[in-house]
Amino acid sequence: MKFIKLLFLILIVGLSVSLHFLWGKEQKEILLEEVLSIGCLDDDSLFMWADVTTDLKGNIYVTDMMDYSIKKFNERGILMKKAGRRGQGPGEFIAVRLIEYFKGLIYVTDQSISGIQVFDEDLNYKKHIPLSLPILDFEIISEEMIAVSSPQIANPGRIIVIDSKGNSNVNIKHFGDMQNFWRNAVKFEIDNQGNLYTIFTFEDKIEKFDRNRKKLWSKSLLGKRKVKRRKTRVKIGPSELPMEVAYKDIALDNSANLFILGGHLSKNPSRDVYVLDKQGRHLTTFTLPESSHCIHVDHRNFLYARAGEGVTLKKFSIKYGKK
Amino acid sequence: MWTLVIGLLGSLSFKAASGRQRYSPSLSRVQKLIVIVFDFKSFFCPLCLDSVKDFCDTLHSRDQDEFAIGVLVYESSDKKDEERSKKVIEKKLRGFIIGNSIQFPVILDHFHVFKDLIFEDTGIILLDRSRKILKKYSFPLTNKQLDEIFSFKDVDPRKDR
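Bear in mind that the values here come from a model prediction, so they are computed numbers and not experimental data.

**Considerations on the environment of K82(A)**
All names here are of chain A.
Here is step 1 of the chain: Along the polypeptide, K82 turns up in strand β5 (residues 79-83).
Here is step 2 of the chain: The sequence separation of K82 and K214 amounts to 132 residues, and the corresponding C-alpha distance is 42 Å.
Here is step 3 of the chain: Not counting chain neighbours up to four residues away, the residues in contact with K82 comprise S69 and K71.

If you want it as structure tokens, here you go:
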């Protein structure tokens, strides 16, 4: 009996070690398999989609900048609902941009309208969360906690947390450059443990902070190359502006691996996706079939990206393998 | 060059990309043609589109959609596959027409006829035979310019030779 228990223990340890090697070192290839394509040149389902999110049933929600709408597709890609029109009233848009799903609600931002509009799963307008700052990225932590990244001039380098009334109560400081506030432009993700992952839009820098905002690591994937910049002649404001993007978007899979979409500095601009594990180790890089401005990974590990210059949304299954 | 282009637009009746099938009326019958020259780049500038959108709404509210035709000027994003690039632009144009409730036909300037017609952004060419006006305007438009564009003189084409 003791012998059997010892054998069992050895088996468990051996399995754990091999799994560690599999996920930590030997998992060096990712293959994408297209499973769905929404929108084509001949139909009117998508005109120029800007962002995508998904719910737990596999429904896909998209913002479409060309017809000022938000759209809901089922997991087979059939359009279920369309809402919105051009305007500045409730449920209306001028430059609809980001979209996030959280517990039955859809949160939407607009580049020309401040704040966040909230809709239900049937795209019925529910409420508006006021916020005077421009929103570069946001993440719903809870119904009363929304983390927002905003490239502010006055207080550079913060991701703030607001409540459902738009009141700011928590700041996460990560970087400060008063002279060139654009260097603080970050996109981010927050995992289930409250760890914060940031990618800098115009700098070759990826960082992780724990839930107490202590920096755990900082990585560079592009040889610390600098984006092209041009001088500005304005007396007030930044002395130079970026002409390229280092990193475009970030997503987490259900193992908390980071997927980072590269920008102009990548070997395949706007197509290379870098995959890092929780410790910041670069596991692999794969290349999207077409350039994209954003990526999204849902809870079932499907990846969504752009195609057809924004008229098509593609869904891929992510297959992990060994090289 | 101008005479040829304007004459062609004025005398042809044709189908164009629009939310509805429309035929542009003959210039000789209605005496007036408003050509809105859209720059595709302005589709991505919400503030730039504000005044254009207001103009299109005013055009509709004054029942002058039938005098209007749009021309979309663009640069091909894929020089190697211009046909595909054209289809992508056509699709985005459909979205723009639907999103902005455009009621007049809009055609793609596929042969880049209007490309160098001294518009830095979206603009208007007005042909008004009754008032003998041939002018171009850039957005944003002044009230005086709007009055000039929307006014017209009722003329019996049988008498105006």
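**Some points on the nonpolar core**
Here is step 1 of the chain: Ranked by internal contacts, the top residues of the largest apolar core, which has 101 residues, are F259(A), I260(A), I295(A), I34(B) and V35(B).
Here is step 2 of the chain: Sort the elements by how many residues they give to this core and strand β1 (residues 32-39) of chain B lands first, with six residues.
Here is step 3 of the chain: Not counting the four nearest positions on each side in its chain, I260(A) is found in contact with I199(A), I206(A), Y247(A), I250(A), V273(A), Y274(A) and L276(A).

**Points about the sheet that holds strand β2 (residues 49-54) of chain A**
Residue and element names in this part refer to chain A.
Here is step 1 of the chain: Reading across from one edge, β2-β3-β4-β5 is the order of the four strands in this open sheet, with antiparallel pairing throughout. Both outer strands of the open sheet, β2 and β5, are each paired with one neighbouring strand and no more. The mean inter-strand angle of the sheet, taken between neighbouring strand axes irrespective of direction, is 20°.
Here is step 2 of the chain: Of the strand pairs in this sheet, strand β4 (residues 69-73) and β5 are connected by four bridges, and their pairing is antiparallel. Paired with K72 across the strands is K81, a residue of β5.

**Thoughts on unusual backbone geometry**
Here is step 1 of the chain: A cis amide bond links F139(B) to the next residue, P140(B), at an omega of -5°.
Here is step 2 of the chain: Position of P140(B) among the secondary structure elements: in the loop between β5 (133-138) and α5 (143-150).
Here is step 3 of the chain: Although it is not a glycine, K224(A) adopts a positive phi angle of roughly 55°.
Here is step 4 of the chain: Structurally, K224(A) is set in the loop between β17 (215-219) and β18 (229-231).
Here is step 5 of the chain: Residue S101(B) is not a glycine yet carries a positive backbone phi of 50°.
Here is step 6 of the chain: Within the fold, S101(B) resides in the loop between α4 (82-99) and β3 (106-108).
Here is step 7 of the chain: The partly exposed category is assigned to S101(B), around which 13 C-beta atoms lie within 10 Å.

**Let's talk about the confidence of the model for chain B**
Residues and elements named next belong to chain B.
Here is step 1 of the chain: Mean pLDDT over chain B works out to 78, with 75% of the residues at or above the 70 mark.
Here is step 2 of the chain: Ranking the helices and strands of chain B by mean pLDDT puts strand β2 (residues 68-73) first, with 94, and helix α1 (residues 2-11) last, with 50.
Here is step 3 of the chain: In this model residues 10-24 is a low-confidence stretch, pLDDT under 50, and it forms 33 contacts with partners more than four residues away in sequence or in other chains.
Here is step 4 of the chain: Overall fold confidence (pTM) sits at 0.85, and the ipTM for the predicted complex is 0.80.

**What about the pairing of strand β21 (residues 258-262) of chain A?**
Residues and elements named next belong to chain A.
Here is step 1 of the chain: Counted residue by residue, β21 has five buried out of five residues, so it is predominantly covered.
Here is step 2 of the chain: Across the two faces of β21 the burial is the same, with L258, I260 and G262 and F259 and L261 all buried.
Here is step 3 of the chain: In the sheet, strand β20 (residues 247-252) pairs with β21 via five bridges, with the strands oriented antiparallel. By the bridge assignment, I250 is partnered in β21 with I260.
Here is step 4 of the chain: Between the end of β20 and the start of β21, which pair antiparallel, lie five residues, with A256 showing a positive phi angle near 65°.
Here is step 5 of the chain: Examined bridge by bridge, β21 and strand β22 (residues 272-276) share four bridges and lie antiparallel to one another. The residue bridging I260 from the neighbouring strand is Y274, located in β22.

Rules and cut-offs
Residues numbered from 1 in each chain as written. Chains lettered and ligands numbered in written order. Predicted model: local features only at pLDDT ≥ 70, side-chain atom pairs only at ≥ 80, totals over all residues. Helix = DSSP H or I, 4+ residues; strand = E, 2+ residues; numbered from the N terminus. Contact = placed C-beta atoms within 7 Å. Core = buried A, V, L, I, M, F, W, Y, C linked by C-beta atoms within 7 Å. Buried ≥ 20, exposed ≤ 12 C-beta atoms within 10 Å, placed from the backbone. Pairing = 2+ DSSP bridges. Axes fitted to C-alpha atoms, helices over the stretch in contact; angles between N-to-C directions. pLDDT = per-residue confidence, 0-100.

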